[in-house]
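A closer look at the structure
Below, each chain spelled out in residue letters.
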Amino acid sequence: MIQYNIFPEGKKRIVTFSYDDGRCDEPLVELFNRYNVKATFHLNGSEMDEEELLEKRKLYSKHEISCHTARHGWPSRMPLQSVVGEVLTNRLMLEKMALYPVVGMSYPSGSYSEAVIEAMKASGIVYSRTIKNTMGFELPDNFMEWHPTCHHNQALKLCDGFIRDLDSQWRGSLFYIWGHSHEFKTEDDWNMMTLILEKLSGNNKIWYATNYEIYRYINAQRSLVISADENVFYNPSSTDVWVEKDKALIIHIPAGKTVTI
Ligand SMILES: [Zn+2]
């Protein structure tokens, strides 16, 4: 029996952060960098001068730059051509900033529908976060409706439960926290976030990843080709993956390789 609940270097859990609007991210990026965690920043806009692009590229260099549409409308209220226009215009600017393909998204105002999902996919988007808090730790079935664990205001009370029994198979794997940096207004707000990071960071059983890194890893795992006797593993992807056999053996299958055990 093969199970997928193993992450890079055999880690058992994942922590990710996801922040929208990009209006005052500097102190939050600094805090994330201090605790060595990874975040995804979903940014609006369609134009930026060279100097600002360079500044933002530097700011987000340890994190992921992701879409949030050009002008932050409500996608479910738009004709689909406007959805496509809003996404592509935003991507064109963000890719000048990031210098890599920007294919992640969080729905502005959490607004989406089946039709919006199709329009997003047609615009090159591969995952998109909602604002439906699950208060749980499960990985998404559908990355275009990626429901987070919770907003940062609700995260602190879940931290102890998540870090307890990190080897247990009975608990979910992913703690996904979202919010806006402009919501940090008082010292108490910053103290709360610092406490969350104190509890969740620096643990060698946790993989700290951006949203896209998680998407890429899970897709690589799900595309493994496995023999019927579950002794031969072919990894056709460009990402190293790990799986667990019979609740005991952890197997590393490097990108593009076949591993026989
Ligand atoms: Zn927003």
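Source: prediction; values computed, not measured.

What about the coordination of the zinc ion?
In an ideal octahedron of six donors the angles at the metal are 90 or 180 degrees, and in an ideal tetrahedron of four donors they are 109.5 degrees. Looking at the zinc ion, the protein donor atoms are Asp-21 (OD), His-68 (NE2) and His-72 (NE2), and they sit 2.0 to 2.1 Å from it. Spacing between the donor residues of the zinc ion along their common chain follows D-x46-H-x3-H. Taken as a pair, Asp-21 in the loop between β2 (13–20) and α1 (26–34) and His-68 in the loop between β4 (64–67) and α3 (80–98) lie far apart in primary sequence, 47 residues in all. Both residues of the pair, Asp-21 and His-68, belong to the buried class.

Some details on a negative patch on the surface
The grouping of Asp-49, Glu-50, Glu-51, Glu-52 and Glu-55 at the surface amounts to a negative patch. Note that Asp-49 resides in the loop between β3 (39–43) and α2 (50–59).

What about the side chain of His-42?
Along the chain, the position of His-42 falls in strand β3. Under the relative-accessibility criterion, His-42 is labelled buried at 0%. Separated by 2.8 Å, the side chains of His-42 and Ser-18 make a polar contact. Reaching out from His-42, the side chain makes a polar contact with the side chain of Ser-66 at a distance of 2.9 Å.

Overview of the packing of aromatic side chains
Throughout the structure, instances matching the rule amount to 18 aromatic pairs. Geometrically, the ring pair formed by Tyr-127 and Trp-146 is edge-to-face, given 5.5 Å between the ring centres and 80 degrees between the ring planes. Highlighted residues: Tyr-127 in strand β6 (residues 127–129) and Trp-146 in the loop between β6 and β7 (150–151), separated in sequence by 19 residues. The exposure classification of Tyr-127 matches that of Trp-146, with both residues buried. One aromatic cluster is present, formed by Phe-17, Tyr-19, Phe-32, Phe-41, Tyr-60, Phe-184 and Trp-190 through successive ring pairs. Note that Arg-77 overlies the ring of Trp-74, its terminal NZ or CZ placed 3.9 Å from the centroid.

Regarding helix α6 (residues 187–200)
Relative to the 20 Å expected for 14 residues at 1.5 Å per residue, α6 spans 20 Å between its end C-alpha atoms, a close match to the ideal helical length. For α6, the full list of buried residues reads Met-192, Met-193, Ile-196, Leu-197 and Leu-200. The buried side chains of α6 occupy one side of the element, clustering within an arc of 135 degrees when seen end-on. Facing away from the buried surface of α6 by more than 90 degrees, the exposed residues are Glu-187 and Asp-188. Of the residues flanking the end of α6, it is Gly-202, one or two places downstream, whose phi is positive at about 65 degrees.

Things to note about helix α7 (residues 211–222)
Given a rise of 1.5 Å per residue, 12 residues ought to cover 16 Å, and the 17 Å separating the end C-alpha atoms of α7 matches this to within 8%. Within α7, the full set of buried residues consists of Asn-211, Ile-214, Tyr-215, Tyr-217, Ile-218, Ala-220 and Gln-221.

What to know about unusual backbone geometry
In this structure, Met-135 takes a positive phi of about 60 degrees despite not being glycine. Note on placement: Met-135 falls in the loop between β6 and β7. For Met-135, a relative accessible area of 31% translates into the label partly exposed. Residues other than glycine seldom take positive phi values, yet Asp-165 does so here, at roughly 50 degrees. For Asp-165, the position within the fold is in the loop between α5 (156–163) and β8 (174–180).

Remarks on the pairing of strand β13 (residues 249–253)
Sheet analysis places strand β12 (residues 241–245) next to β13, joined by 5 bridges and oriented antiparallel. Bridging from a neighbouring strand, Val-243 pairs with Ile-251 of β13. Where β12 hands over to β13, the hairpin turn is made up of 3 residues, of which Asp-246 adopts a positive phi near 50 degrees.

Quick look at the sheet that holds β12
Spatially, 3 strands are ordered β1-β12-β13 in an open sheet, and the strand pairing comes out antiparallel. At either margin of the open sheet sits one strand with a lone partner, and together these are β1 (2–3) and β13. One ladder, built from 2 bridges, connects β1 with β12; its direction is antiparallel. By the bridge assignment for β12, Ile-2 is matched with Lys-245.

Topic: the domain arrangement of the chain
If you check the domain split of the chain, you get domain 1 (12–219) and domain 2 (224–260). Averaged C-alpha coordinates put domain 1 and domain 2 at centres separated by 29 Å. With 4 residues of domain 1 in contact, the opposing surface of domain 2 contributes 7 residues. Area buried by domain 1 at its contact with domain 2 is led by Gln-169, Arg-216 and Tyr-217, which between them contribute 84% of it. On inspection of domain 1 and its partner domain 2, the count reaches 0 salt bridges. Our enumeration of links across domain 1 and domain 2 arrives at 2 residue pairs in polar contact (both at pLDDT 80 or more). Looking at the side of domain 1 that touches domain 2, its residues break down into 1 nonpolar, 1 polar and 2 charged.

Reading guide: rules and limits
- Residues numbered from 1 in each chain as written.
- Predicted model: local features only at pLDDT ≥ 70, side-chain atom pairs only at ≥ 80, totals over all residues.
- Heavy atoms only, no water.
- Donors = N, O, S within 2.8 Å, 3.2 Å for Na, K, Ca; no water.
- Helix = DSSP H or I, 4+ residues; strand = E, 2+ residues; numbered from the N terminus.
- Buried < 20%, exposed > 50% of the residue type's maximum accessible area, 1.4 Å probe, protein only.
- Patch = residues over 30% accessible without salt bridge, like charges linked within 9 Å, V, L, I, M, F, W, Y side chains within 5 Å.
- Areas by Shrake-Rupley, 256 points an atom, 1.4 Å probe, with all protein chains shown as cover.
- Salt bridge = Lys/Arg side-chain N within 4 Å of Asp/Glu carboxyl O.
- Lys, Arg positive; Asp, Glu negative; His and termini not counted.
- Charge placed at Lys NZ, Arg CZ, Asp CG, Glu CD.
- Polar contact = N/O pair within 3.5 Å; in protein donor to acceptor, adjacent residues only side chain to side chain.
- Phe/Tyr/Trp six-rings, centres within 6.5 Å; stacked < 30°, edge-to-face > 60°.
- Lys NZ or Arg CZ within 6 Å of the ring centre and 35° of its normal.
- Expected span 1.5 Å × (residues − 1).
- Arc of directions from axis to C-beta.
- Pairing = 2+ DSSP bridges.
- Domains from an automatic or database assignment.
- Contact = heavy atoms within 4.5 Å.
- Buried area = accessible area lost by both parts, 1.4 Å probe.
- Nonpolar A, V, L, I, M, F, W, Y, C, P; charged D, E, K, R; others polar.

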